[in-house]
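In case you want the letters, here they are:
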Amino acid sequence: MILVLYVTGLVTLLSQVVLLRELTVTFYGVEFIYLVSIAFWLLWGGIGATLSRRVLLPTPGTLPALLLAFTIVLPVVIVFIRGTRPLLGIVPGSYMQLHTQVIVAALSLLPVAIISGPLFTIATRNYLDARKEKVSIARAYAIECAGGLTAGILATITLSLGIQNLQLGIICTLTTAVTGTYVSSKSPLNQKYLPIFVLLTASTLGLATYTTSLDFKMTKWNHPRLLTSQDTPYGRISVTQYFSQLTIFENDALTTDTETPEGEIPIHLSALQHPNPKHVLLLGGGTKGYLKEILKHKPIRIDYVELDKKMMDILIPLLPEDIAKSFVDPRVKITFTDPRRFLKSAQQYDLIIIGMPEPSSGSTNRFYTEEFFRLCAASLKENGVLSLSLRGGENFWTPLMMMKMQSIIGALRSVFSEVEILPGTVNVILASPTRFPATYETLITRLHERNIRGKFLNPDYIRYIYTNDRYEAAKNMSYSSAIPINRDIQPICYRFALLVWLSKFLPELNKESFIPALEKHIILWFTLILILTSVLPLFLALRRLGSVPLLIAFYSGMMSMVMETILLLYYQVKAGVLFRDVGLLLTSFMGGLTFGAWAGENLREKHHIIVLLLLNPVFLIGTHIFIYTGVEPEIITTLVLLGTGGFFSGILFALASTMTKKNGREAVFGLYGTDLLGGCVGSILCCAFLIPFLGLDTTMLYLILLSLFPLTAVTLRKEVERSRGSPM
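Quick notes on the rules
- The numbers attached to residues start from 1 for each chain and follow its sequence in the written order.
- Since the coordinates come from a predicted model, pLDDT governs what is reported: local features require at least 70, and pairs of side-chain atoms require 80 or more to be given and counted, while whole-chain, interface and lining totals use all residues.
- Heavy atoms from the whole structure form the basis of all side-chain values; hydrogens and water molecules are not counted.
- Every helix listed is a DSSP run of H or I at least four residues long, and every strand listed is a run of E at least two residues long, numbered separately from the N terminus.
- The classification of residues rests on relative accessible area computed with a 1.4 Å probe and restricted to protein chains. Under 20% of the type maximum is buried, over 50% is exposed, and intermediate values are partly exposed.
- Throughout, a contact is declared for two residues whenever any of their heavy atoms are within 4.5 Å.
- Strands are labelled as partners when DSSP assigns at least two bridges between them.
- For helices, the axis comes from a line fit to the C-alpha atoms of the stretch in contact; other axes are also lines fit to C-alpha atoms, and the angle between any two N-to-C directions lies between 0 and 180 degrees.
- Within this analysis, the arc is defined by the directions that extend from the helix axis to the C-beta atoms.
- Only one rule defines a salt bridge in this text: a Lys or Arg side-chain nitrogen within 4 Å of an Asp or Glu carboxyl oxygen.
- Comment on the angle field: the value is read as roughly parallel under 35 degrees, roughly antiparallel over 145, roughly perpendicular from 65 to 115, and oblique elsewhere.
- Crossing handedness is defined as follows: a turn of the near helix away from the far one that is anticlockwise and smaller than a right angle gives a left-handed crossing, while the clockwise case is right-handed.
- For this scheme, ten residues count as nonpolar: Ala, Val, Leu, Ile, Met, Phe, Trp, Tyr, Cys and Pro. Four count as charged, namely Asp, Glu, Lys and Arg, and the remainder, Gly too, count as polar.
- Nonpolar cores were defined as sets of buried Ala, Val, Leu, Ile, Met, Phe, Trp, Tyr and Cys residues, with membership established by side-chain atoms within 4.5 Å.
- Counted as a polar contact is a pair of N or O atoms within 3.5 Å, where, for protein atoms, one must be capable of donating a hydrogen and the other of accepting one, and residues adjacent in sequence contribute only when both atoms are in side chains.
- Each patch groups residues whose relative accessible area exceeds 30% and which form no salt bridge, using 9 Å between like charges and 5 Å between nonpolar side chains of Val, Leu, Ile, Met, Phe, Trp and Tyr.
- Note on areas: Shrake-Rupley, 1.4 Å probe, and residue coverage restricted to the protein chains presented here.
- Multiplying 1.5 Å by the residue count of a helix minus one yields the expected span of that helix.
- Ring geometry is summarised as follows: Phe, Tyr and Trp rings, the Trp one being its six-membered ring, pair when their centres sit within 6.5 Å, and such pairs are stacked at plane angles under 30 degrees, edge-to-face over 60 and tilted between the two.

A. Quick peek at the overall build of the chain. Tallying secondary structure elements over the chain gives 27 helices and 11 strands in all. Split into buried and exposed, the 728 residues of the chain put 59% on the buried side. Residue pairs in contact within the chain that sit at least 24 positions apart in sequence constitute 76% of those at least 6 positions apart.

Shown next, in the form of structure tokens:
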């Protein structure tokens, strides 16, 4: 049974990673749905674990039946997710309606997640029955976490080794089939499942030889003119071609189209601001044609920084010849690293161009914060120019788009004395320590002197940009102190990106009165959330002391998800390599859970319990100081913090299991289900409200406050039971 528990943790986390990656692509990398999906996973898993006591009889055939269902369901769900758009008749490239997206996410995760919950509880019950010596739920939980730890490592290294997400799903399916074969062969009562598992194992091995072809064919369901598609550590890159037009998608979201002015207009409008841009730093955007266009200004040197080397290896052979040649120009030096890391030791530049993806998620928002702009300012010469581009409506900005823009421009104004906005289909935003040219005639003169002729940019277009009424409106844009500037620990732009996306389906969010009303009610909402997630459960639990262990399990799940999310997002904000290191980071957290559950099993002295519960908020206070002061997290520091946070979560779950007066075989269903439901609540609160609207630092304060309630529950329970004359 130890092997089954271990494999349960392994395939549960591995299948979660596979399905969340697939959903991320299906919903164009929209972070909101990704986070909702995590919440659904925990919800279905919790419901499955809780109901398994009554619905599933723990007979010898229950475990192989669950393994069989898992083996069959996982590949079917992967196919369903990839075929969602053609199945529902949705035009490729268009957004699904909001309710459709939520339903698809919920239905996609339901079969696998609702099996994984009972899989753990039934395996744990069999494990407790099989052990002659006395063992607890905490030990079983530690074994399952060890399997999750292995899955975290696999999820990290497989993409680096070139193993695609579909192949990883096949590996997960094969692991479950082999485990089912082993379980069936060990018991005469399960022999009827053995031929089925042997057949599934052989079929999965055969299917593995065709995964590359299947992967390509399924991707063509959404990209009929597909040239190639590959998974990288940063997302799925798909390339299509229609005549001479090459289109590049990242997580199925359009990033580059070779037949548009996106590569030409922003570059020339930026480079013409400087009298002689000899040293240029380009942060991303090479595949858009940025390199090709900036070379026309005859710089001495261009430092081009790109995050994803594998993406470039895929795209450069497919790009149009004139764009591909720019990558091998002797004046261009290419560096594959995180732009923020590069800027810490960069030289001085005349022109810095930010070509990174739009700030539509926490992972891209880090390139549009005050802290990032300060790094850029430190690498600019006295008359240097910083440039970035944001998509927007050419003739109309909704209130949400306006406020999103203001949060970024406010961050720029906090660093640079001069900021200029050139509105259009793509809004070009410029910043500099010195004044820009007084008139557009200067730009036109420089255009002629540099002998630049573009398809879209010409003197008439420059004149139009500076003389139309949109330019004056952007120049005289009013700013409200109610809109905080975009910072690392308060990713306000992430909030507006989320609301802008939701406004596609809920038009009332575009009303000018919505955001002011929202701001006024944030404190009220936060107070209500605090009461519903802490004070009220504590009050109800103390009225019925037998439910205190369930309360502790709920806190364990909720706090672990909030803690994990804060640290992962902070690491991404500062280090920029979360997608590369996420498996390693999750491994550290799972390792902490494993050790915490194992250590917590041996807690028998009451004062030991109290001391550990007191150390948890002390640790969280130290973590809050670490985040609030903006310390740059090294990988080892983040691993230690995640491991320690996982340790305290494991301790809490072990404490809940030792406090329960029920037999361990009966208690596992309620405790594990409650732990997962707590994680569901924590995931929704943290990612859909706390971090977007309160920031990382305030969310950390909420977590500190939350950590006091398990201590309060244990202490009050002890006092109540003492007054009643019963031992704890």
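B. Expanded view of the sheet that holds strand β1 (residues 226–232). The antiparallel open sheet is built from four strands, whose spatial order is β1-β2-β3-β4. Pairing within the sheet leaves two strands with one partner each, and these edge strands are β1 and β4 (253–257). Strand-to-strand, the axes of this sheet are offset by a mean angle of 20 degrees, without reference to chain direction. Strand direction decides the pairing type here: strand β2 (residues 235–242) and strand β3 (residues 245–250), joined by six bridges, are antiparallel.

C. Inspection of helix α9 (residues 211–219) at higher detail. Within the span of α9, buried status applies to T211, D215, M218 and T219. Take α9 and look down its axis: the buried residues cluster within an arc of 100 degrees, on one side only. Among the structural elements, α3 (62–82), α7 (165–186), α8 (194–208), β1 and β2 are those in contact with the buried residues of α9.

D. Representation of the pairing of β4 within the structure. In this structure, β3 lies alongside β4, joined through four bridges in antiparallel fashion. Each residue of the ladder has a partner; that of I248, found in β4, is T256. The antiparallel pairing of β3 with β4 creates a hairpin that spans two residues between the two strands, and N251 there sits at a positive phi of about 55 degrees.

E. The arrangement of the pattern of salt bridges in detail. The full count for this structure, using the stated rule, is 22 salt bridges. The shortest N-O distance in the salt bridge between D215 and R82 comes to 2.5 Å. Of this pair, D215 sits in helix α9 while R82 sits in helix α3, and the two are 133 residues apart along the sequence. Side by side, D215 and R82 carry an identical accessibility label, which is buried. For K574, the salt bridge identified is with D488, shortest N-O distance 3.1 Å. Of this pair, K574 sits in helix α23 (residues 548–575) while D488 is found in the loop between α20 (469–475) and α21 (492–503), placing the two residues 86 residues apart along the sequence. With relative accessibility at 8%, the residue K574 sits in the buried group. When its relative accessible area of 1% is taken as the criterion, D488 is described as buried.

F. View of the packing of α3 against α8. Contact geometry of α3 with α8 gives a least axis separation of 11 Å together with a crossing angle of 25 degrees. Our classification of the angle between α3 and α8 gives roughly parallel. Like other packed secondary-structure pairs, α3 and α8 cross with a definite hand, here left-handed. Note on element contacts: α8 touches α3 through I196, F197 and L200, opposite P64, L67, L68, T71 and I72. Looking at the contact of α3 with α8 residue by residue, the class counts come to seven nonpolar, one polar and no charged.

G. Spatial organisation of the nonpolar core. The biggest cluster of nonpolar side chains holds 135 residues, and the ones touching the most others in it are L19, I552, Y555, I627 and Y702. No other element matches the 22 residues that helix α27 (residues 664–724) contributes to this core. Grouped together as the second largest cluster of nonpolar side chains are 43 residues, A271, V280, L315 and I323 included.

H. A look at the environment of P111. Along the chain, P111 falls in helix α5 (residues 98–130). In this structure, the C-alpha to C-alpha distance between P111 and L74, residues 37 residues apart in sequence, is 8.1 Å. Every residue in contact with P111, bar those within four places of it in the chain, is listed here: V73 and V77.

I. Inspection of the side chain of E22 at higher detail. Residue placement: E22 occurs in helix α1 (residues 2–26). Among the polar contacts made by the side chain of E22, one reaches the side chain of R82 at a distance of 2.9 Å. The residues contacting E22, other than those within four sequence positions of it, are I78, I81, R82, N165 and R236.

J. Spatial organisation of the sheet that holds strand β5 (residues 279–283). Spatially, seven strands are ordered β7-β6-β5-β8-β9-β11-β10 in an open sheet, and the strand pairing comes out mixed. Taken across any chain shown, the strands that pair with only one partner, and hence form the sheet edges, are β7 (332–336) and β10 (418–422). Here the average twist between neighbouring strands, direction ignored, is 15 degrees. Here four bridges tie β5 to strand β8 (residues 349–354), and the two strands are oriented parallel to one another. Counted as the bridge partner of L281 is I352 from β8. Against the sheet, helix α16 (residues 370–378) makes contact with β5, β8 and β9 (380–391), and its axis sits at roughly 140 degrees relative to β9, the strand it touches most. Against the sheet, helix α17 (residues 399–413) engages β9, β10 and β11 (426–432), with an angle of about 15 degrees to β11.

K. Seen up close, a nonpolar patch on the surface. On the surface, a nonpolar cluster with roughly 520 Å² of combined accessible area is contributed by L528, I531, L532, V535, L536 and F539. Structurally, L528 can be placed in helix α22 (residues 514–543). A relative accessible area of 46% places L528 in the partly exposed class.

L. Summary view of α23. Taking 1.5 Å per residue as the helical rise, α23 with its 28 residues ought to reach 40 Å, and the 40 Å between its terminal C-alpha atoms agrees with that figure. The element α23 is extensively covered by neighbouring structure, given that 27 of its 28 residues are classed as buried. Following α23 by one or two positions, G576 adopts a phi angle in the positive range, close to 75 degrees.

M. Representation of the packing of aromatic side chains within the structure. Applying the stated rule across the entire model yields 15 aromatic pairs. With a centroid separation of 5.9 Å and an interplanar angle of 65 degrees, the aromatic rings of Y304 and F327 are classed as edge-to-face. Separated by 23 residues along the polypeptide, Y304 in strand β6 (residues 301–306) and F327 in the loop between α13 (321–326) and β7 bring together distant segments of the chain. In this structure Y304 comes out as buried when scored by relative accessible area, which is 1%. Ring geometry for F689 versus F693: centroids 5.7 Å apart, planes at 35 degrees, classification tilted. Placement of both F689 and F693 in helix α27 is noted, with a separation of four residues, approximately one turn of the helix. There is no split in this pair, since F689 and F693 are both buried. Joined through ring pairs, the aromatic side chains of F595, F619, F647 and F648 make up one cluster.

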